[in-house]
Amino acid sequence: MNLFERMQKLDRRWIYIVVALAIIIPLMIPYDSDNVTTPPTENLYQMIDSFAGREDRAILMSFYHDAATMPELFPMEVAILRHAFERNVKVFALTWSPAGAPIIEFAINTVKEEFPDIQSGVHYCNFGYKPQAFAMILGMGDNIANTMNTDAEGRKLENLPIMKGINNYSEMNLVVEFSGSVAGMSWVTYARPKFGLNVAVGVTAVMAADLYPYLQSGQLIGMLSGLKGAAEYEKLVDIFAAYRDPMIDYSITVDEDGNKILPGRPFGREILNDESSLALSKITTQTKAKFTADQYAAFTAKYPEHLTLLNSLRSDEEGLAVIDVTQITPDMRDQMGEVLFRELNQLTRNTLYKFKVARIGMNAQSVAHIMIIVFIIMGNVGYFIQKARGAKD
Amino acid sequence: MSFELFSNLVGAFFTLCIFSFLYKDNPFYQAAEQLLVGISLGYGLVFTYERVFIPYVYQAIVIKHDFILIIPAIMGFLLLFRFSRSLSWLSRYFIAFSMIMVGAGVPMGMHASILVQMRQAMVPIETFNLFLILLGTVAVLLYFFFSKAHSGIYGKFVNVGKWYMMIGFGASFGLTVMARISLLIGRIQFLVNDVFGLIK
C-alpha cells in the first residue's frame, strides 16, 4: 500500500485527534491576534451606542435558543450586555422558548457581577419566557407595558423606573434576535414594515449565509455571525465602551455645561484603524497601567490623598509612568479603597476571561481551519493521484 | 466540593460520554443521549405548565375572571384529541383556526422577502458589487427557467448562474464548518477552564 492509498484509508479517529489537538493547544496557550471587524458588526455596535445615556431609547434582546447553540451565541449576548451596561443603554430581554429563560438570567448575571450599580427594573428588565410571539411582536408596537404586563419576577411593568420614557417601538427602537435559525425574520416581517423597528440578528454561522441578502437590502441593520461576530463585538467593546481616559473623572456624571459624562467613548473609524488600539483588546493577561506624564498628573490629581501610595507603586518604562497592579498588597488595597483599585485595574486594559471567550475561541478556530484545509488538500491530492495511476494501469 | 464544581463535573462527565461516540458506539453514549431526551422533555413540560398554563390560563380565568379566554383554552384542549383515533377530527378545528397566522403571514412575508428584496436588486448600478448582484440574480433566475434549452450563448450565460450557486454553497459549507468547530471549541473551553480551572 503506497502513501496515497494510506491517506485515503486513514482511520477517521486520527483526524479527530489532530483536530482536537489543534483546538486544545491554542486554548491552553492564548496568544494575541488581530480580529478585523466587519460592517455588519460595526453597524450594530454604532446603533446600540447611539442610545447611550438616553432615557427615551432602549434595545430589546430576544434569546430564542437553547444550550445547544450557546458556544456561538452566548459570547455575543454577553458582549452586547456589557456594552449596554458600560454605556448606560436600557436593555429589555425576552425569549420565545422555555429553554431560553435560564440563559437570559445566566447572561445578565455573568455581566452584572462586574457592574455593581446596575439594577433590575432600572437599567434592564427581563420579560422572561413569553408565549405567542406573533401577538407579542405586534402588541409591543402599540404598548409594551400593556402587552408584556409583568417582568420575569412578576412585577407590573408600568411601575418599573426603566419604563419611564419607553412606550413602544418608537422608543425601544432596536431588537437583536439571537437564534440558530431565521427567527429574526419574524421581526423583519411583522414589526419592521408596520412600526419601523430596527432589526439586527446574532446567529450561528450556519444561518449567516441565509440572512446576508437581508443585510444587503437594509432590512437588517446589523448581524453578528457565529463566533467571529462575537469576537468582533468583544473587540469593539474593549476599544470603545470599556475604554477609560485616565484624565477624566467618571465619578462626575454631568460636566460644567450640563452634558452627561458617560464612561467609554463613541465609535470612531480613525481610532479603530489606529495601531495603538490593538493594545486595548489584547487577550493575554495585562498587569501594567501605563500613563504619559500629563495623564499621570491628571490621574493622581483625582486621588490627592493617595498620591504618596501611587508614587511608591510607580516605576518608569520607555518614558511612561507604570503601575503594576500585581505589586499592590492587600494592605495597600485596603488603604487605596475599591474605587481606585478598580480604576487602576481598568487602566491596565486587561480583559476578564468571560469578556474575551470568543476571541480566545477564534485563535483555536484559525488553527482548526488551517488543519481542515490541509486535510482537504491532502485528501484531494491523494484521490487524484490514485485516480491517475488507476487510469494508467 | 462546591456546587459549581459538582455541577461542572457532572457536565464534564456527560460531555465525555457524548465524545466517546467518536471512538465507537458504547453504553455511556447511549445513556447520555437518552438522558438528554428525557430531561429536555421533562423540563419543557414543567416549564410550560408553570410559565404558560398557570399565568395565561389558570390565573387568567380562575383568579382574574377573564372568561373570554375559555374559548381559546378549549380550542387548545381539542389538540389533545390527536391521540384518539375516533375523535382526532376535533383537533382539526384548532388547526383550521391557526391558519389565521398563515393568512397574516402571506402579505407581510411577500413584502419583506420578495418586494423589498426586488426593490434593492433594481437600484442604479453605481458600484461593482451592485453589478455582481444584478448579474447573479438574473443568471440564477434564468438557470431555473427550463422552457429554453441551456445551449449556445444562452447556455453559457446560465452557467454563470450555476457558478454563483456553487460559490454560495461553498460559503454555506465554510460557515457550517465554522459553526461546528465553534461548538467543539465551546465544549473544550468548558472542560479546560470551567472544570479543570476549578479543580486547579
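Calculation criteria
Residues numbered from 1 in each chain as written. Chains lettered and ligands numbered in written order. Predicted model: local features only at pLDDT ≥ 70, side-chain atom pairs only at ≥ 80, totals over all residues. Helix = DSSP H or I, 4+ residues; strand = E, 2+ residues; numbered from the N terminus. Buried ≥ 20, exposed ≤ 12 C-beta atoms within 10 Å, placed from the backbone. Contact = placed C-beta atoms within 7 Å. Pairing = 2+ DSSP bridges. Domains from an automatic or database assignment. Nonpolar A, V, L, I, M, F, W, Y, C, P; charged D, E, K, R; others polar. Core = buried A, V, L, I, M, F, W, Y, C linked by C-beta atoms within 7 Å. Expected span 1.5 Å × (residues − 1). Bend = angle between axes of the 7 residues up to and from the residue. Axes fitted to C-alpha atoms, helices over the stretch in contact; angles between N-to-C directions. Parallel < 35°, antiparallel > 145°, perpendicular 65-115°, else oblique. pLDDT = per-residue confidence, 0-100.

Topic: the overall build of chain A
Part 1 of the argument: Looking only at helices and strands, chain A has 15 helices and nine strands in total.
Part 2 of the argument: Along the three orthogonal principal directions, the C-alpha set of chain A runs to about 90 × 60 × 35 Å.
Part 3 of the argument: For chain A, buried positions account for 37% of its 393 residues.
Part 4 of the argument: When contacts within chain A are restricted to residue pairs at least 6 apart in sequence, long-range pairs at least 24 apart make up 75% of them.

Looking at the pairing of strand E8 (residues 314-317) of chain A
Every regular strand shows the same layout, with side chains that alternate between the two sheet faces.
Residue and element names in this part refer to chain A.
Part 1 of the argument: Strand direction decides the pairing type here: E8 and strand E9 (residues 320-324), joined by four bridges, are antiparallel. By the bridge assignment for E9, Ser-315 is matched with Val-322.
Part 2 of the argument: From the end of E8 to the start of E9, which pair antiparallel, there are two residues, and Glu-318 there has a positive phi angle of about 50 degrees.

Quick look at the domain arrangement of chain A
Part 1 of the argument: Its domain assignment divides chain A into domain 1 (3-29 + 355-392), domain 2 (39-241) and domain 3 (287-348).
Part 2 of the argument: For the side of domain 1 of chain A that touches domain 2 of chain A, the per-class residue count stands at four nonpolar, two polar and two charged.

Notes on the nonpolar core
All names here are of chain A.
Part 1 of the argument: Membership of the largest hydrophobic core comes to 95 residues, with the highest contact counts inside it found for Ile-59 and Val-91.
Part 2 of the argument: Residues from two domains meet in this core; each of domain 1 (3-29 + 355-392) and domain 2 (39-241) gives at least three.
Part 3 of the argument: Every residue in contact with Ile-59, bar those within four places of it in the chain, is listed here: Ile-48, Phe-51, Ala-84, Val-89, Val-91, Leu-174 and Val-176.

A word on helix H4 (residues 91-120) of chain B
Residues and elements named next belong to chain B.
Part 1 of the argument: The terminal C-alpha atoms of H4 lie 43 Å apart, and with 30 residues this matches the ideal 44 Å at 1.5 Å per residue to within 8%.
Part 2 of the argument: Most pronounced at His-111, the bend in H4 amounts to some 35 degrees.
Part 3 of the argument: Among the 30 residues that make up H4, one are buried, leaving the element largely open to the surroundings.

Overview of helix H14 (residues 330-347) of chain A
Residues and elements named next belong to chain A.
Part 1 of the argument: Here H14 spans only 19 Å end to end across 18 residues, well under the 26 Å set by a 1.5 Å rise per residue.
Part 2 of the argument: Along its length, H14 reaches its greatest deviation from straightness, about 110 degrees, at Gly-337.
Part 3 of the argument: Downstream of H14 by a residue or two, Arg-349 has a phi angle that is positive, lying close to 65 degrees.

Examining the sheet that holds strand E1 (residues 58-64) of chain A
Residues and elements named next belong to chain A.
Part 1 of the argument: What the six strands build is an open sheet, ordered E3-E2-E1-E4-E5-E6; its pairing is parallel. The open sheet has two edge strands, strand E3 (124-129) and strand E6 (222-225), and neither has a second partner. For this sheet the average axis-to-axis angle between neighbouring strands, irrespective of direction, equals 15 degrees.
Part 2 of the argument: Two strands pair when backbone bridges link them, and E1 and strand E4 (residues 174-179) are joined in this way by six bridges, in the parallel orientation. When the sheet's bridge partners are listed, Leu-60 is paired in E4 with Val-175.

Digging into the environment of Lys-392 of chain A
Part 1 of the argument: Looking at where Lys-392 of chain A falls in the secondary structure, it is placed in helix H15 (residues 357-392).
Part 2 of the argument: The sequence separation of Lys-392 of chain A and Ala-297 of chain A amounts to 95 residues, and the corresponding C-alpha distance is 80 Å.

Here's the deal with the interface of chain B and chain A
Part 1 of the argument: Across the boundary between the two partners, chain B contributes 35 residues, which contact 36 residues of chain A.
Part 2 of the argument: Within the residue set of the side of chain B that touches chain A, elements represented by two or more residues are helix H2 (27-63), H4 and helix H6 (152-199) of chain B.
Part 3 of the argument: Among the elements that make up the side of chain B that touches chain A, the one with the highest residue count is H6 of chain B (18 residues).

Overview of unusual backbone geometry
Part 1 of the argument: The phi angle at Asn-88 of chain A is positive, at roughly 60 degrees, despite the residue not being glycine.
Part 2 of the argument: Residue placement: Asn-88 of chain A occurs in the loop between helix H4 (70-86) and strand E2 (90-95).
Part 3 of the argument: Phi angles above zero are rare outside glycine, and His-65 of chain B is one such case at about 55 degrees.
Part 4 of the argument: As for its placement among the helices and strands, His-65 of chain B is situated in the loop between H2 and helix H3 (70-78).
Part 5 of the argument: Classification of His-65 of chain B by C-beta neighbours within 10 Å gives exposed; the count is 8.

Re the packing of helix H8 (residues 184-195) of chain A against H4 of chain B
Part 1 of the argument: Two numbers describe how H8 of chain A lies on H4 of chain B: the axes approach to 9 Å, and their chain directions differ by 80 degrees. In terms of orientation, H8 of chain A lies roughly perpendicular with respect to H4 of chain B. Contact residues: H8 of chain A offers Val-188, Thr-189, Tyr-190 and Pro-193 of chain A, while H4 of chain B offers Gly-105, Met-108, Gly-109, His-111 and Ala-112 of chain B.

Some remarks on the sheet that holds E9 of chain A
All names here are of chain A.
Part 1 of the argument: With respect to topology, three strands assemble into an open sheet ordered E7-E9-E8, the strand pairing being antiparallel. Edge positions in the sheet fall to strand E7 (288-291) and E8, since each has one partner strand and no second. The mean inter-strand angle of the sheet, taken between neighbouring strand axes irrespective of direction, is 35 degrees.
Part 2 of the argument: For E7 and E9, the ladder comprises four bridges, and the chain directions are antiparallel. Across the sheet, Ala-289 pairs through a bridge with Ile-323, a residue of E9.

Considerations on the environment of Ile-137 of chain A
Residue and element names in this part refer to chain A.
Part 1 of the argument: Residue placement: Ile-137 occurs in helix H6 (residues 133-142).
Part 2 of the argument: Here Ile-137 falls in the buried class, since 22 other C-beta atoms lie within 10 Å of it.
Part 3 of the argument: Expressed as a C-alpha distance, the spacing of Ile-137 and Ala-191, which sit 54 residues apart in the sequence, is 6.5 Å.
Part 4 of the argument: Ignoring sequence-local partners within four residues, the contact set of Ile-137 consists of Ser-186, Trp-187, Tyr-190 and Ala-191.

A short note on the confidence of the model for chain B
Residues and elements named next belong to chain B.
Part 1 of the argument: A residue-level look at chain B finds 98% of positions with pLDDT of 70 or above and a mean pLDDT of 90.
Part 2 of the argument: Mean pLDDT across the secondary structure elements of chain B bottoms out at H4, with 87, and peaks at helix H5 (residues 128-143), with 92.
Part 3 of the argument: Predicted complex metrics record ipTM = 0.86 and pTM = 0.90.

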